[in-house]
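# Working through the structure, step by step
Read off the chains here:
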Amino acid sequence: MRVDVVTIFPAFFDVLEVSLLGKARGAGLLDVRVHDLREYTTDRHRTVDDTPYGGGAGMVMKPEPWGAALDAIVADAASRPTFIFPSPAGELFTQATARELSVAPHLVFGCGRYEGIDERVFAYAATLGDVRLMSLGDYVLNGGEVASMAMIEAIGRLIPGVVGNPESLVEESHEDGLLEYPSYTKPAAWRGYDVPDVLLSGHHGRVADWRRDQRVARTRERRPDLLPSDPSA
Ligand SMILES: Oc1ccccc1-c1ccno1
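Here the structure is a predicted model, which is why all the values come from computation and not from measurement.

Moving on: the sheet that holds strand β5 (residues 82-92). In sheet architecture, strand pairing relies on hydrogen bonds along the backbone and comes in two forms, parallel and antiparallel. Within the open sheet, the five strands sit side by side as β2-β1-β6-β5-β7. Their pairing is parallel. Either end of the sheet is taken by a strand with one partner, and the two such strands are β2 (31-36) and β7 (130-135). The average angle at which neighbouring strand axes cross in this sheet is 30 degrees, direction not considered. Where strand β1 (residues 2-7) lies against strand β6 (residues 106-110), five bridges are found, and the strand directions are parallel. Residue pairing in the sheet places Val5 in a bridge with Phe109 of β6. Those strands touched by helix α5 (residues 145-156) are β1, β5, β6 and β7, and its axis lies near 160 degrees from that of β6.

Let's shift gears to the UniProt feature "binding site: S-adenosyl-L-methionine" (unreviewed entry) in the protein. Those residues carrying the UniProt feature "binding site: S-adenosyl-L-methionine" (unreviewed entry) are Gly112, Leu136, Gly137, Asp138, Tyr139, Val140 and Leu141 in this numbering. When only the residues just named are considered, the largest pocket is lined by Gly112, Leu136, Gly137, Tyr139, Val140 and Leu141. With respect to the helices and strands, the residue Gly137 is situated in the loop between β7 and α5. When its relative accessible area of 11% is taken as the criterion, Gly137 is described as buried. Take Val140: it is sitting in the loop between β7 and α5.

On to the site of the ligand, then. For the ligand, the full set of nearby residues is Pro86, Ser87, Pro88, Ser135, Leu136, Gly137, Tyr139, Val140, Leu141, Gly143 and Gly144. In the model, a nitrogen atom of the ligand is placed 2.9 Å from a nitrogen or oxygen of the Leu136 main chain. Backbone polar atom of Leu141 to an oxygen atom of the ligand: 2.6 Å apart, as the coordinates give it. Notes on the ligand: free accessible area 310 Å², of which the protein chains cover 93%. Of the pockets mapped on this structure, the ligand occupies the largest pocket. Split into classes, the residues belonging to the shell around the ligand amount to six nonpolar, five polar and no charged.

Cut-off values and rules
- Residues numbered from 1 in each chain as written.
- Predicted model: local features only at pLDDT ≥ 70, side-chain atom pairs only at ≥ 80, totals over all residues.
- Heavy atoms only, no water.
- Pairing = 2+ DSSP bridges.
- Helix = DSSP H or I, 4+ residues; strand = E, 2+ residues; numbered from the N terminus.
- Axes fitted to C-alpha atoms, helices over the stretch in contact; angles between N-to-C directions.
- Contact = heavy atoms within 4.5 Å.
- UniProt positions renumbered as here; feature names shortened; annotations may be inferred.
- 1 Å grid on protein atoms, 1.4 Å probe; cavity = no way out; pocket = protein on both sides within 12 Å on 5 of 7 lines; lining within 4 Å.
- Buried < 20%, exposed > 50% of the residue type's maximum accessible area, 1.4 Å probe, protein only.
- Near = heavy atom within 4 Å.
- Polar contact = N/O pair within 3.5 Å; in protein donor to acceptor, adjacent residues only side chain to side chain.
- Areas by Shrake-Rupley, 256 points an atom, 1.4 Å probe, with all protein chains shown as cover.
- Sits in = over half its atoms within 2 Å of the grid points.
- Nonpolar A, V, L, I, M, F, W, Y, C, P; charged D, E, K, R; others polar.

Next comes the structure, spelled out in structure tokens:
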């Protein structure tokens, strides 16, 4: 998978050189290219924003640099990309979205700042590929970089070969609509807290049943919205 990121803070994505995704890049599973939007400006001040038509507070990101950046990206693209613009006004990004996008050959993340990107950029991008405005949840960030990083990780880790043991992707929170079960490791007793006996029993069937029960109980307690409204469903 090729991933392009357009941002005014390219250094923010240096962290993608390390950890799991850094190894994935080294293994050729993930080709991440970060672009500084200011490299696509033409004035001496490298201006990327201006005042909003119709008035209002804040600044809007100018369309020209974005147009030039998207053109440069698609110019050497092997396939039509999917453009992802993090936005509080976007569709909700979920594990299902991550799985859907993990098979895309080319993703382009456009990181907005200020009051957002001129709306015409999304219309232009739609002539170059699919466009998805994506929200991580109902809260406000200062820009799209944090959201893009989270989505790149959520998507990247699902690419075959990125996570060493694919089994570790099973029974994770949200993979099948339930939260994951609690985990324990040595020592069996720690500061008066003991590991549940069933996990020390060596009885795999009982452990599986206990873990399933824990997942349902946790989901019911913390995220009842994830459970089917009709229990008979
Ligand atoms: O609040 C934002 C500002 C810019 C880009 C994205 C966001 C956002 C908020 C929640 N998910 O994404």
